[in-house]
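# Understanding the architecture of this molecule
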Amino acid sequence: QVQLVESGGGLVQPGGSLRLSCAASVSGSNINVMAWYSQPPGKQRELVATITTRGSTNYADSVKGRFTISRDNAKNTVYLQMNSLKPEDTAVYYCYANARTYAYDPWGNYWGQGTQVTVSS
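As a starting point, this report considers the structure included with it. (Residues numbered from 1 in each chain as written. Predicted model: local features only at pLDDT ≥ 70, side-chain atom pairs only at ≥ 80, totals over all residues. Heavy atoms only, no water.)

## Here's the deal with the nonpolar core
- By size, the foremost hydrophobic cluster in this structure holds 30 residues, and its most contacted members are Trp36, Leu80 and Tyr93.
- When contributions to this core are tallied by element, the ones reaching two or more residues are strand E3 (18-24), strand E4 (31-39), strand E5 (46-51), strand E7 (67-72), strand E8 (77-82), strand E9 (91-99) and strand E11 (115-119).
- If we skip the residues at most four places from it in the chain, Leu80 touches Leu18, Arg19, Leu20, Trp36, Val48, Phe67, Thr68, Ile69 and Tyr93. (Core = buried A, V, L, I, M, F, W, Y, C linked by side-chain atoms within 4.5 Å. Buried < 20%, exposed > 50% of the residue type's maximum accessible area, 1.4 Å probe, protein only. Helix = DSSP H or I, 4+ residues; strand = E, 2+ residues; numbered from the N terminus. Contact = heavy atoms within 4.5 Å.)

Shown next, in the form of structure tokens:
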């Protein structure tokens, strides 16, 4: 079983910054694409950013220029640097990884437990 452990959420004022991290329990060779999703109150989960093993990234239009996704394959960790935060960014943020427990396993979809980000004055 692949586990993703998130940290870094919290309460921040508009214009502030937070850095989320997500550590996987398996080695980098067993992790493919990683991503961050957000789920605002009462809304569906939305894709925020993705990053491939080699570092290619994609972002939702709403966060371009403000958020940066990165990963450290040696640490099996993905990060989301969140700058210029807005109240609309308030949500539970979930880490995602396409991963496998062992090299012979099929690739599967795994999720972190979620971390709350609240942007408020």
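Here the narrative resumes.
## Examining the environment of Asn76
- Topologically, Asn76 is positioned in the loop between E7 and E8.
- Along the chain, Asn76 and Asp105 lie 29 residues apart, while their C-alpha atoms are 18 Å from each other.
- Not counting residues up to four positions away in its chain, the partners in contact with Asn76 are Cys22, Ala23, Ala24, Val26, Ser27, Gly28 and Ile31.
- Looking at Asn76, its side chain comes within polar contact range of the main-chain oxygen of Val26, at 3.1 Å.
- In this structure the side chain of Asn76 is engaged in a polar contact, spanning 2.9 Å, whose partner is the backbone nitrogen of Gly28. (Polar contact = N/O pair within 3.5 Å; in protein donor to acceptor, adjacent residues only side chain to side chain.)

## Examining the environment of Asn83
- Looking at where Asn83 falls in the secondary structure, it is placed in the loop between E8 and E9.
- Between the C-alpha atoms of Asn83 and Arg66, which are 17 residues apart in sequence, the distance is 5.1 Å.
- Excluding residues within four positions of it along the chain, Asn83 makes contact with Gly16, Ser17, Arg66 and Phe67.
- Within the local environment of Asn83, its side chain forms a polar contact with the side chain of Ser17, the two groups lying 2.9 Å apart.
- Separated by 3.0 Å, the side chains of Asn83 and Gln81 make a polar contact.

## Remarks on the pattern of salt bridges
- As enumerated under the stated definition, the model contains two salt bridges in all.
- With a closest N to O distance of 3.1 Å, Lys64 and Asp61 form a salt bridge.
- A salt bridge links Arg66 to Asp89, with the shortest nitrogen-to-oxygen separation between them at 2.8 Å. Linking Arg66 in the loop between strand E6 (57-59) and E7 with Asp89 in the loop between E8 and E9, this pair joins segments that are 23 residues apart in sequence. For the pair formed by Arg66 and Asp89, the shared burial category is buried. (Salt bridge = Lys/Arg side-chain N within 4 Å of Asp/Glu carboxyl O.)

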